[in-house]
Amino acid sequence: MKLKQSAIALALSAMTVPGIVLAGTTPALATPATVSDQSRLAASTIDAKGPGVFPHSADYYPGSQKFVTGSLAHSTISSVDRKGKVRTIIDDKKLVSVQAVRIDTKGNRILASNVDYGTAERSTDATKFKVAGVAAYQIGSGRRLWYADLNKVAKDDKQHLVADVTVAPNGTAYAVDQLSSTIFRIDRNGKASVLVSHKLLAGNVDVPNFLNNVGMSAVAWMPGNILIVAKADGSLVRVPVDHPEKATKVKLSKNLSALTAGIRVLPDKSLAVVSSGLLSGKAAVVQRVRPDRGWKSATVKVTDTVTDPVTSSVTPGPGGRTYALSGGLAALLAGKPNDGFTLRPVDVR
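Residues numbered from 1 in each chain as written. Predicted model: local features only at pLDDT ≥ 70, side-chain atom pairs only at ≥ 80, totals over all residues. Heavy atoms only, no water.

Colleague: Describe the sheet that holds strand E26 (residues 322-326), naming the residues involved and giving the relevant values.
Modeller: A sheet is described by the order of its strands in space; here four strands give the open sequence E1-E27-E26-E25, paired in antiparallel fashion. Here the strands that pair on one side only, and so sit at the sheet edges, are strand E1 (46-48) and strand E25 (311-316). Looking at each pair of strands side by side, their axes are set apart by 25 degrees on average, direction ignored. Sheet analysis places E26 next to strand E27 (residues 341-346), joined by five bridges and oriented antiparallel. Paired with Tyr323 across the bridge in E27 is Pro345. (Pairing = 2+ DSSP bridges. Helix = DSSP H or I, 4+ residues; strand = E, 2+ residues; numbered from the N terminus. Axes fitted to C-alpha atoms, helices over the stretch in contact; angles between N-to-C directions.)

Colleague: Could you give an account of the packing of aromatic side chains, naming the residues involved and the relevant values?
Modeller: Applying the stated criterion across every chain, the model contains five aromatic pairs. Each ring, one from Tyr117 and one from Phe129, has its centre 6.2 Å from the other, and the planes form 65 degrees; the classification is edge-to-face. Here Phe129 lies in the loop between strand E7 (109-115) and strand E8 (133-138) and Tyr117 lies in the loop between E7 and E8, a separation of 12 residues in the sequence. Given the relative accessible area of 5%, Tyr117 is considered buried. Counting every residue linked through ring pairs, the aromatic cluster contains Tyr60, Phe67 and Tyr323. (Phe/Tyr/Trp six-rings, centres within 6.5 Å; stacked < 30°, edge-to-face > 60°. Buried < 20%, exposed > 50% of the residue type's maximum accessible area, 1.4 Å probe, protein only.)

Colleague: Give me the environment of Val131: which residues, what numbers.
Modeller: Along the chain, Val131 turns up in the loop between E7 and E8. As a C-alpha pair, Val131 and Leu95 span 36 residues in sequence and 8.9 Å in three-dimensional space. If sequence neighbours within four positions are ignored, Val131 has contacts with Val96, Asn114, Val115, Asp116, Asn151 and His160. (Contact = heavy atoms within 4.5 Å.)

Colleague: Could you give an account of the side chain of Thr172, naming the residues involved and the relevant values?
Modeller: Within the secondary structure, Thr172 sits in the loop between strand E10 (162-167) and strand E11 (173-177). Overall, Thr172 belongs to the buried group, its relative accessible area being 12%. Setting aside residues no more than four positions away along its own chain, Thr172 makes contact with Thr166, Val167, Arg185 and Ile186.

Colleague: Talk me through the pairing of E8; I want residue IDs and the actual numbers.
Modeller: Within a regular strand, side chains alternate between the sheet's two faces. Burial analysis of E8 places five of its six residues in the buried class, which makes it a mostly covered element. Pairing analysis gives six bridges linking E7 to E8, with the strands arranged antiparallel. The partner of Leu111 across the bridge, within E8, is Ala136. Sheet topology note: the E8/strand E9 (residues 144-149) ladder contains five bridges and is antiparallel. Within E9, the residue paired with Gly133 across the bridge is Asp149.

Colleague: Report on the confidence of the model for the protein chain, specifying residues and quantitative values.
Modeller: Per-residue confidence for the protein chain gives a mean pLDDT of 88; residues scoring 70 or more make up 87%. When the criterion is pLDDT under 50, residues 1-42 qualifies, and its contacts beyond four places in sequence or with other chains add up to 85 contacts. (pLDDT = per-residue confidence, 0-100.)

Colleague: Please set out the sheet that holds strand E23 (residues 284-292) residue by residue, giving values where relevant.
Modeller: Across the sheet, five strands lie side by side as E20-E24-E23-E22-E21; this open sheet has mixed pairing. The sheet is open, and its two borders are formed by strand E20 (251-252) and strand E21 (260-265), each paired with just one other strand. When E23 meets strand E24 (residues 297-306), the two strands line up antiparallel, connected through nine bridges. Opposite Asp292, over in E24, you have Ser297 as the bridge partner.

Colleague: So what about unusual backbone geometry? Which residues, and what values?
Modeller: Each neighbour pair has its own omega, and for Ala258 with Leu259 the value is -5 degrees, a cis peptide bond. Inspection of the secondary structure assignment puts Leu259 in the loop between E20 and E21. Of note, Phe129 is a non-glycine position whose phi angle comes to about 60 degrees, a positive value.

Colleague: Account for the pairing of strand E15 (residues 211-214), with residues named and values stated.
Modeller: Of the pairings in the sheet, the one linking strand E14 (residues 205-207) to E15 comprises two bridges and is antiparallel in character. Looking at E15, one finds that Val207 is bridged to Leu211. Connecting E14 to the antiparallel partner E15 that follows it, the hairpin turn spans three residues, and Asn209 within it adopts a positive phi of roughly 60 degrees.

Colleague: Break down the nonpolar core for me, citing the residues and quoting the values.
Modeller: Counting 33 residues, the largest nonpolar core has Val134 and Leu150 as its most contacted members. Beyond its immediate stretch of four places on either side in the chain, Leu150 contacts Ala132, Gly133, Val134, Val162, Ala175, Phe184, Ile186 and Ala192. (Core = buried A, V, L, I, M, F, W, Y, C linked by side-chain atoms within 4.5 Å.)

Colleague: Run through the pattern of salt bridges, naming residues and quoting values.
Modeller: On inspection of all chains with the given rule, the structure shows nine salt bridges. Here Arg109 and Asp104 are joined by a salt bridge, their closest N and O atoms 2.6 Å apart. Asp104 carries the same exposure label as Arg109, and that label is buried. Two residues, Lys130 and Asp157, come together in a salt bridge whose shortest N-O distance is 3.6 Å. On the criterion of sequence distance, the pair formed by Lys130 in the loop between E7 and E8 and Asp157 in the loop between helix H3 (150-154) and E10 is long-range, its members being 27 residues apart. (Salt bridge = Lys/Arg side-chain N within 4 Å of Asp/Glu carboxyl O.)

Put into structure tokens, the structure is as follows:
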């Protein structure tokens, strides 16, 4: 494993909260932003200077004013500051292509899903859609804590694509597989198992000349120990962790726009959801989903759109705003270069 320790120290030296240098206890901490600074930052679009990174997801720690992203083209994890400066903080040879990234502040970890679309520098014909894993790295040092090989857990020799990962307060991680009906559970020490395979989680969306039967695209842990799973077709599935076999479809006021790509849990435990324009060629749609009856039903409201090509994620950002990530997925799939990526504030009211 190759970890660029010096780059980590440089990229994250401005972190302002103990426990996250991206865990520093270093005294060389940046001055926290003032209220006026936060207001200014909240309205700012971030044009990230990371050509060739092609991130699919992002996460954010408010005290640091830095985002963390993966790279579909490389095996790297990067930090992004509010000026758009991108720095590699982890480069692990175990990884092929990084799709989901999640900051677990309580566990002092960055979690990342390992995939292979066949478009990464380390892709091979033998590994295309055969790489499925989740890795955990210590915030600050970048040291790999564990790697969970979900192919070995699945034991089916089928195609897999770990689309997203979420973390419960007790440190248990849950990962969803976009190309199967399986949700994986990974304990805080990296031991993985199958939580459930359920027909409601199977895929039914085709991306022409790329993927067939695309299913689960995002997942969030919710109070009550339930998982809310977003599917590419615009549906949501409620999975009780203690009784996952009792998974049910959430009754929505209207389906989410397809392809549903990313979700963010808002402070009131509703969801911000972005639906990519990958299939439609139109602007990505931002929606707010407000639950009722413990997520047995929910109301969907369109709140914004994003015209950047193919938006794949929503994340917290400066000033408490929600930011949409447009990482250049369409260009990546077409074999074209890009100059960077965009994090744009969106309305989720």
